[in-house]
Amino acid sequence: MSKKKQNKAFDPDRFVLTKQEIVEFCDRVLEKWNKNPKANAQNIVAMNAVKMSVLWTDEDSLKAIWNEIFKWAFALLYKNAISQTKEENVDWSRIMGKIKRLDGTDTH
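These numbers come from a predicted model, not from an experiment.

What counts and how
- Residues numbered from 1 in each chain as written.
- Predicted model: local features only at pLDDT ≥ 70, side-chain atom pairs only at ≥ 80, totals over all residues.
- Heavy atoms only, no water.
- Helix = DSSP H or I, 4+ residues; strand = E, 2+ residues; numbered from the N terminus.
- Areas by Shrake-Rupley, 256 points an atom, 1.4 Å probe, with all protein chains shown as cover.
- Patch = residues over 30% accessible without salt bridge, like charges linked within 9 Å, V, L, I, M, F, W, Y side chains within 5 Å.
- Salt bridge = Lys/Arg side-chain N within 4 Å of Asp/Glu carboxyl O.
- pLDDT = per-residue confidence, 0-100.
- Buried < 20%, exposed > 50% of the residue type's maximum accessible area, 1.4 Å probe, protein only.
- Contact = heavy atoms within 4.5 Å.
- Phe/Tyr/Trp six-rings, centres within 6.5 Å; stacked < 30°, edge-to-face > 60°.

Trainee: Whenever I open this one, the overall build of the protein confuses me. Can you help?
Mentor: Scanning the protein from N- to C-terminus turns up five helices and zero strands. In sequence order, the protein lays out its α and β elements as α-α-α-α-α. Surface accessibility of the protein: about 8700 Å² in total, with carbon and sulfur atoms responsible for 58%.

Laid out in structure tokens, this is it:
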């Protein structure tokens, strides 16, 4: 391991996947959806567009873009979980929502 890599602190927000790894992800999804192409026709077209945009984009831009996509996805997963439990009237969701506001990460 290089000295440069050894000195970097772990940063869960730093996106390190490569263009090839993103393309491989797209290919795995396409392979799955191609098992039932009729039902997944629109998804297949959209994922092929995503894959093409990945192939056309330089590595640094991809890392910046996908880093934001990951942050956005995790935020949406959190908000979706809170919304689902509120809909089902689960008490912990209100508590978790309050905690999120208290730690200053809630934007609403």
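Trainee: I'm lost on a nonpolar patch on the surface in this one. Help?
Mentor: A surface patch of nonpolar side chains, amounting to about 770 Å² of accessible area, comprises Leu 17, Ile 65, Ile 69, Phe 70, Trp 72, Phe 74, Leu 76 and Leu 77. The topology assignment puts Ile 69 in helix H4 (residues 59-87).

Trainee: Can you walk me through the confidence of the model for the protein in this structure?
Mentor: In low-pLDDT regions, the fine details of the predicted coordinates are not to be read closely. The predicted model of the protein averages 83 in pLDDT, with 75% of residues at 70 or higher. Ranking the elements of the protein by mean pLDDT puts helix H1 (residues 3-7) last, at 55, and helix H3 (residues 41-56) first, at 98.

Trainee: It is not clear to me how the side chain of Asn 67 should be interpreted in this structure. Could you clarify?
Mentor: For Asn 67, the location among the structural elements is in helix H4. Classification of Asn 67 by relative accessible area gives buried; the value is 15%. Apart from residues no more than four positions distant in its own chain, Asn 67 is found in contact with Asp 13, Arg 14, Phe 15 and Leu 62.

Trainee: Before we go on, may I ask you to explain the packing of aromatic side chains in this structure?
Mentor: Remark: the centre distance and the inter-plane angle together describe each pair of aromatic rings, the angle taken between the planes. In this structure the tally under the stated criterion is two aromatic pairs. An angle of 70° between the planes, with centres 5.0 Å apart, marks the rings of Phe 15 and Phe 70 as edge-to-face. Within this pair, whereas Phe 15 is found in the loop between H1 and helix H2 (19-33), its partner Phe 70 is found in helix H4, the two being separated by 55 residues in sequence. With a relative accessible area of 33%, Phe 70 lands in the partly exposed category. With a centroid separation of 6.5 Å and 70° between ring planes, the pair formed by Phe 70 and Phe 74 is classed as edge-to-face. You can see Phe 70 and its partner Phe 74 sitting in helix H4, four residues apart, about one turn around the helix. The exposed category is assigned to Phe 74, whose relative accessible area is 55%. Three or more aromatic residues link up through ring pairs in this structure, and these residues are Phe 15, Phe 70 and Phe 74.

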